[in-house]
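Structure at a glance
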Amino acid sequence: MKQLIKYLTIITLLLCGGCTDEELIKVVPGTIGNEEVYTTLHFGYKSPDEVQITTRSTLGEVAESRVQNLFVYLFVGNKCVYTQYFDNYNKEASKDEVNAAEWNCWYVDNMGEDEDPAINKDASNGIVRMKTANITGGTLYMIANIDADMVNISPEKLNTIRSKQEIEALTATLNQEITSRNGYFPMTAAVRGVNIADNTVKHADGTQVVAELVRLDAKIQVNVRTALNNVHTETEGEGSNAVTTKQTLKGFVPKSWQIMNLPKGAYALPLKEDGTVQGDYEEAGYFNSIEVEGFETSTNEEIT
């Protein structure tokens, strides 16, 4: 349950990169060219493995897959090459407009209400137009669905990140000890070994990069099943004084539920470049959800 509660947020402000020329010199192991190019980055939502739990705060996969905003970072070695915040201010109406643009902009085609997530789990997708130096061996990071009301991360804080170590050490802590969501489900993506020389961001083998955004919240569904007609036998006393009673379970209806020991903070990126797995930010502590009465669905055999 390392990724049960991971939240990253940013209010809708336009943030541009502030890397200096000095920071872009002598970068290893990748390289930075002398020219700037407009390039197009493709991204999409990747449906995570489902953990069985659904609570009253669940909005469904269609709503949970939507991308509302993006923060994009590009590094070569440990140096910052590009940062940009994308929201409604710089969002275009179509992919064609973004592909033809000569400014930083983006477009997202979110999963529609009439689409079946079970059939098309990766329906939400989009593209980003970036003006950046031509590079080889870069590392790309994306943070999506940023809402500063949820956690202690501000746009100003994210805009100060200037090294790979800083973004890999980035943590988020809940402002309130709650499990409900407002429709912004934080996601992140990391792509390593990217090359930019023309209109497309590519892997080292020449294939097009599609950054896969993965939701940081774990979705959990708890099923309570009752063993109806189960017979419990109990014997009291010994010998001729022994009395045996049998009880048959005819029904069981729990009245409330509560989740214990939830992490209050987490690392933004689950995996560092050296392969180190990151999960809960333990210094933030843990908390218990409030006790909630009732369940979403109820039948004679199963309660969810």
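The shown structure was predicted, so the numbers you read here are calculated from the model rather than taken from an experiment. (Residues numbered from 1 in each chain as written. Predicted model: local features only at pLDDT ≥ 70, side-chain atom pairs only at ≥ 80, totals over all residues. Heavy atoms only, no water.)

1. Considerations on the overall build of the chain
Helix and strand counts for the chain stand at four helices and 18 strands. The buried share of the chain, reckoned over its 304 residues, is 43%. Taking all contacts inside the chain whose residues are at least 6 apart in sequence as the whole, residues at least 24 apart take part in 76%. (Helix = DSSP H or I, 4+ residues; strand = E, 2+ residues; numbered from the N terminus. Buried < 20%, exposed > 50% of the residue type's maximum accessible area, 1.4 Å probe, protein only. Contact = heavy atoms within 4.5 Å.)

2. Description of the pattern of salt bridges
What the rule picks out here adds up to three salt bridges. Measuring nitrogen to oxygen at the nearest pair gives 3.6 Å for the salt bridge that ties Lys264 to Glu177. With Lys264 in the loop between β14 (262-263) and β15 (265-267) and Glu177 in the loop between β6 (171-173) and β7 (187-196), the pair connects residues that are 87 residues apart, well separated along the chain. You can call Glu177 partly exposed: its relative accessible area is 43%. We note a salt bridge from Lys202 to Asp198, for which the minimum N-O separation is 3.9 Å. (Salt bridge = Lys/Arg side-chain N within 4 Å of Asp/Glu carboxyl O.)

3. What to know about the environment of Ala190
Structurally, Ala190 is set in strand β7. Sequence-distant contacts of Ala190, defined by excluding residues within four places in its chain, comprise Leu140 and Tyr141.

4. What about the confidence of the model for the chain?
Summing up the model confidence of the chain, the mean pLDDT is 75 and the portion of residues at 70 or higher is 73%. Low pLDDT (under 50) marks residues 1-28, which in the prediction has 106 contacts with non-local residues, meaning those over four places away or in another chain. Confidence drops under a pLDDT of 50 for residues 49-58, and excluding neighbours within four residues, the segment shows 31 contacts in the predicted structure. (pLDDT = per-residue confidence, 0-100.)

5. Concerning the pairing of strand β9 (residues 210-215)
Burial along β9 is one-sided: Ala211, Leu213 and Arg215 are buried, and none of Val210, Glu212 and Val214, which face the opposite way, are. Note: β7 against β9, two bridges, orientation antiparallel. From the neighbouring strand, Thr188 faces β9, where its bridge partner is Val214. (Pairing = 2+ DSSP bridges.)

6. Here's the deal with the packing of aromatic side chains
The full count for this structure, using the stated rule, is five aromatic pairs. An aromatic cluster is defined as three or more aromatic residues linked by ring pairs; in this entry it consists of Phe71, Tyr73, Phe75, Tyr85 and Tyr141. (Phe/Tyr/Trp six-rings, centres within 6.5 Å; stacked < 30°, edge-to-face > 60°.)

7. A word on the pairing of strand β4 (residues 105-109)
Of all five residues making up β4, four are buried, and the element is well covered by its neighbours. Pairing analysis gives five bridges linking β4 to strand β5 (residues 125-144), with the strands arranged antiparallel. If you follow Val108 over to β5, its bridge partner there is Gly126.

8. Section: the nonpolar core
Phe43, Leu70, Met142 and Leu213 are the most contacted members of the largest nonpolar core, which has 30 residues in total. Looking at this core, the elements that each hand over two or more residues are β1 (31-46), β2 (70-76), β3 (79-86), β4, β5, β7 and β9. No other element matches the seven residues that β5 contributes to this core. Not counting residues within four places of it along the chain, the set of residues in contact with Met142 comprises Leu41, Phe43, Leu70, Phe71, Val72, Met187, Thr188, Ala189, Ala211 and Leu213. Counting 21 residues, the second-largest nonpolar core is a separate cluster that includes Tyr73, Tyr85, Tyr141 and Ile153. (Core = buried A, V, L, I, M, F, W, Y, C linked by side-chain atoms within 4.5 Å.)

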